[in-house]
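Take a look at the letters that make up each chain.
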Amino acid sequence: MRVMVLVKATAESEAGGPPDPAMMAAMGRFNDELREAAVLQMADGLQPSAAGARVAFDGPGRDVAMGPCGPAAEIVAGFWIWEVRDLDEAIAWVRR
């Protein structure tokens, strides 16, 4: 089963500054564990929404709004794609 885990943005990630080194080191160790368990398929961080655009689809119409795009709590800052046996395994990894 393939799942996508979304990493929500924070005010700090939206500001575009460098991430906290301790947090990045912990995430690196977690990613290593995911790789060793053959769970991790892909992972990446995204640019702050100020560097992007939001497209609203309404039938044939397309409204484009240049970033920033809304409150940080509603924005995705990164993602993982995992291959797991089932949803229970994905939840177990997320809880780690």
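Reading the values: the criteria
Per chain, the residues get numbers from 1 upward, laid out in the order the sequence is written. Only residues with pLDDT of at least 70 get local features here, since the model is predicted, and only at 80 or more are side-chain atom pairs given and counted; chain-wide, interface and lining totals rely on the full set of residues. Based on all heavy atoms of the structure, the side-chain values leave hydrogens and waters out of the count. Think of it this way: any DSSP run of H or I at least four residues long counts as a helix, any run of E at least two long counts as a strand, and we number them from the N terminus. Our radius of gyration looks at C-alpha atoms and nothing else; its globule reference is 2.2 Å times the residue count to the power 0.38. With a 1.4 Å probe rolled over the protein chains alone, any residue whose accessible area is under 20% of its type maximum counts as buried; one over 50% counts as exposed, and the rest are partly exposed. The working definition used for a salt bridge is a side-chain nitrogen of Lys or Arg within 4 Å of a carboxyl oxygen of Asp or Glu. Residues are treated as being in contact if the distance between any of their heavy atoms lies within 4.5 Å.

Explain the overall build of the protein chain to me, and be specific about the residues and the numbers.
From N to C terminus, the protein chain includes three helices and five strands. In sequence order, the protein chain lays out its α and β elements as β-α-α-β-β-β-β-α. Relative to its length of 96 residues, the protein chain is extended, with a C-alpha radius of gyration of 16 Å against a globular reference of 12 Å. Expressed as a percentage of the 96 residues in the protein chain, the buried residues total 26%.

Just give me the short version of the pattern of salt bridges, but keep the residues and values in it.
Counted according to the given criterion, the structure contains four salt bridges. Between E33 and R96 there is a salt bridge, with the nearest N and O atoms lying 2.5 Å from each other. Remark: R96 occurs in the segment after helix 3 (87–95) and E33 occurs in helix 2 (residues 21–36); sequence separation between them is 63 residues. Judged by its relative accessible area of 32%, E33 falls in the partly exposed class. You can call R96 exposed: its relative accessible area is 60%. The shortest N-O distance in the salt bridge between R85 and E89 comes to 3.6 Å. Take E89: its relative accessible area is 14%, and that puts it in the buried class.

Please provide a residue-by-residue account of the environment of A9, values included.
Within the secondary structure layout, A9 lies in the loop between strand 1 (2–8) and helix 1 (11–15). When its relative accessible area of 8% is taken as the criterion, A9 is described as buried. Spatially, the C-alpha atom of A9 lies 20 Å from that of R29, the residues being 20 residues apart in sequence. Apart from residues lying up to four places away in sequence, A9 is in contact with E14, A72, A73, I75, V76 and A77.

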